[in-house]
Amino acid sequence: MADQPVAPPRRHRKRDTAEVSQYALYAYRANRPKGEEKDKEGAADTSAEVAEFLAKEATSNDDFSLSVIKTNISGEGEPDLRSALVRRLARGCIYSGSGNIFVLDDKATPASTSALPTTANLCYYCLVRADSEDTSEGDDTPSTSEFVICLLRTFESADVELDLFRNEMDALCDQIASGGLLRAPESADSQTALDSQLGAWYDTTVEYLPRCCDLFAEHLDVLLYATAVGRKVEPVSGSARQKADLSSFVHALSLSSLLNVPGVVHSGAQSFLPPLQIAFDEHGGYTIAGSLDASSFCKTWAKAMAPTLGAFALKQVIHAHELKIIQEINTMKRLVCQAAGSHYALYNTYRFVCTCETVPSLVISSALATASAEDGANNTKQVLAVLLDFIRTRTDTTGLPAHAQAQLAEAMNYVSHAAVSQA
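Description of the structure in this document. (Residues numbered from 1 in each chain as written. Predicted model: local features only at pLDDT ≥ 70, side-chain atom pairs only at ≥ 80, totals over all residues. Heavy atoms only, no water.)

Things to note about the overall build of the chain
Of regular secondary structure, the chain possesses 16 helices and nine strands. Sorting the 423 residues of the chain into buried and exposed places 44% on the buried side. Long-range pairs, those at least 24 residues apart, make up 78% of the contacts in the chain with a sequence separation of at least 6. Carbon together with sulfur atoms contributes 50% to the accessible area of the chain, which is approximately 21400 Å² in total. (Helix = DSSP H or I, 4+ residues; strand = E, 2+ residues; numbered from the N terminus. Buried < 20%, exposed > 50% of the residue type's maximum accessible area, 1.4 Å probe, protein only. Contact = heavy atoms within 4.5 Å. Areas by Shrake-Rupley, 256 points an atom, 1.4 Å probe, with all protein chains shown as cover.)

This is the structure in structure tokens:
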């Protein structure tokens, strides 16, 4: 174990003060025919019932209303935004919990009549269902349990890809919906909390990325490597904002959602790799406890994550390096399948592992996990066992550099633990 205190960062990034963040919360009331809600709850057993259900949903989408509950948009601009939302919501079925992004431009809102800025208005909206309180069966009073959360930001550049942070915005909307704030959204307490969370939506869902890259610059390679191999990263102290930033940062770096068998690879890692614990101090610095392991690939990756790039460029850097890892994982899977029936392919597999540029432990264990999920674990384990034995007995004659041998040893140690945990 190692405790490494780190002082708060002193670098400052230039912010574009011309960019403006806005939000709006609407009550969504769909005027569905009587009995349709009951039919909606039942499962459709035949294709005819599915077609009938979709036809009803398409009809009901044309008959709904939006009423504003909370917004920081000017009185003249809000009706224009609502009109644009109504046009989009009426186009088809609405799926709860998954947001959409569109550009509020001159086509959606004519410049001659619109009070909203017309440069580059990116609008995210999401339908959420609140945890409504139980009502008596005979109570005919309508209660709103569906809401539309709209997040709007004006950018000077039209090339901004807000869609890169769709998952973070979906998570924010889910947090608001499940946090009880929408049970009584018009109460004073809820209004204050909603204004706090929605008013800071851009800082919470986007700006956390350069903020974390700035803070963890000295150990960014360690965090990248920990998240890649599935090592648990947990804050042991700190403010709510610091913990939330770290959680969002770790989730953004995680590869679980990109793997064919999400969660299988990382479940084995967390059972034997010690967690990486981070304690924040009151001065903005932090102390990191745990082994500070990092591969050469993650060190190169960390150098590319300069906080001055900005949130959107940083997200693209993350995706580019994740793509490299996924490509090597797919190559490893193909080679392992070939190695089960060919000694030459087995040797090629060994050479590939020796020259793996990303994270050898993740690449190898992904092949093992995929084979386990596809009932091909026996052949894969045999191939990996042969590789393990060969590496243990021939490392002195392979001519590999010391760091490559260390990576292979760590990779095989990872695989042996993952294989035991999956047995």
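Topic: the pairing of strand β6 (residues 146-154)
The buried fraction of β6 is high, at nine of nine residues. Neither face of β6 is exposed, since Glu146, Val148, Cys150, Leu152 and Thr154 on one face and Phe147, Ile149, Leu151 and Arg153 on the opposite face are all buried. As paired elements, strand β5 (residues 121-129) and β6 share nine bridges and run antiparallel to each other. When the sheet's bridge partners are listed, Tyr125 is paired in β6 with Cys150. (Pairing = 2+ DSSP bridges.)

Brief notes about helix α5 (residues 188-199)
Over its 12 residues, α5 extends 16 Å from the first C-alpha to the last, a length consistent with the 16 Å expected when each residue adds 1.5 Å. Listed in full, the buried residues belonging to α5 are Ser190, Gln191, Leu194 and Leu198. For α5, the arc enclosing every buried residue in end-on projection is 100 degrees, short of the 170-degree limit, so these residues lie on one face. In this structure, α5 carries Ala188, Asp189 and Thr192 as exposed residues pointing more than 90 degrees from its buried face. (Expected span 1.5 Å × (residues − 1). Arc of directions from axis to C-beta.)

So, the nonpolar core
Grouped together as the largest cluster of nonpolar side chains are 69 residues, with contacts concentrated most on Leu182, Phe216, Phe249, Ile278, Trp301 and Phe312. When residues in this core are grouped by element, the largest group, eight residues, is from helix α12 (residues 311-339). Ignoring sequence-local partners within four residues, the contact set of Leu182 consists of Leu25, Val128, Ala130, Phe147, Ile176, Ala177 and Leu194. Listed in part, the 18 residues of the second largest apolar core include Leu66, Ala84, Leu85 and Leu104. (Core = buried A, V, L, I, M, F, W, Y, C linked by side-chain atoms within 4.5 Å.)

Topic: the packing of aromatic side chains
Inspection of the entire model under this criterion finds 11 aromatic pairs. Put simply, the rings of Phe155, Phe165, Trp201, Tyr202, Tyr208 and Phe312 pair up and form one aromatic cluster. A cation over an aromatic ring shows up here: Arg153 above the ring of Tyr202, its NZ or CZ 3.6 Å from the ring centre. The positively charged end of Lys315 is found above the aromatic ring belonging to Phe165, 4.3 Å away from the centroid. (Phe/Tyr/Trp six-rings, centres within 6.5 Å; stacked < 30°, edge-to-face > 60°. Lys NZ or Arg CZ within 6 Å of the ring centre and 35° of its normal.)

So, the pattern of salt bridges
All told, the structure shown has eight salt bridges when counted by the stated rule. Where Asp163 meets Arg166, a salt bridge forms, and the shortest distance between an N and an O atom there is 2.2 Å. Using a relative accessible area of 42% as the deciding quantity, one classes Asp163 as partly exposed. For Asp203, the salt bridge identified is with Arg241, shortest N-O distance 3.6 Å. Of this pair, Asp203 sits in helix α6 (residues 201-205) while Arg241 sits in helix α9 (residues 240-253), and the two are 38 residues apart along the sequence. In this structure Arg241 comes out as partly exposed when scored by relative accessible area, which is 47%. (Salt bridge = Lys/Arg side-chain N within 4 Å of Asp/Glu carboxyl O.)

A few points about the packing of helix α7 (residues 208-215) against α12
Two elements in contact, α7 and α12, have axes whose closest approach is 8 Å; the angle formed by their N-to-C orientations is 75 degrees. If you check the angle between α7 and α12, you find them roughly perpendicular. Contacts between α7 and α12 pair Tyr208, Leu209, Pro210 and Cys213 from the former with Ala311, Leu314, Lys315 and Ile318 from the latter. (Axes fitted to C-alpha atoms, helices over the stretch in contact; angles between N-to-C directions. Parallel < 35°, antiparallel > 145°, perpendicular 65-115°, else oblique.)

Some points on the environment of Cys150
Position of Cys150 relative to the elements: it lies in strand β6. Each C-alpha atom, one on Cys150 and one on Tyr125, is 4.3 Å from the other, the two residues being 25 residues apart in sequence. Not counting the four nearest positions on each side in its chain, Cys150 is found in contact with Gln22, Tyr23, Ala24, Tyr26, Leu81, Leu85, Cys123, Tyr124 and Tyr125.

With respect to the environment of Ala158
As for its position among the elements, Ala158 is in the loop between β6 and α4 (166-178). Here Ala158 falls in the exposed class, since its relative accessible area comes to 67%.

Considerations on α9
With 14 residues, α9 ought to run about 20 Å at 1.5 Å a step, and its terminal C-alpha atoms sit 20 Å apart, in line with that. All of the buried residues in α9 are Gln242, Asp245, Leu246, Phe249, Val250, Ala252 and Leu253. Across the axial projection of α9, the buried residues extend over an arc of 160 degrees, all falling on one side. In α9, the exposed positions angled more than 90 degrees off the buried face are occupied by Ala240 and His251.

Section: the packing of helix α11 (residues 296-304) against α12
Their axes nearest at 10 Å, the elements α11 and α12 cross at an angle of 160 degrees. The angle between the axes of α11 and α12 places the two elements in the roughly antiparallel class. Here α11 runs over α12; the crossing is right-handed. Residue-level contacts link Phe297, Trp301 and Ala304 of α11 to Val317, Ile318, His321, Glu322, Lys324 and Ile325 of α12. (Left-handed = near helix turned anticlockwise from the far one by under 90°.)

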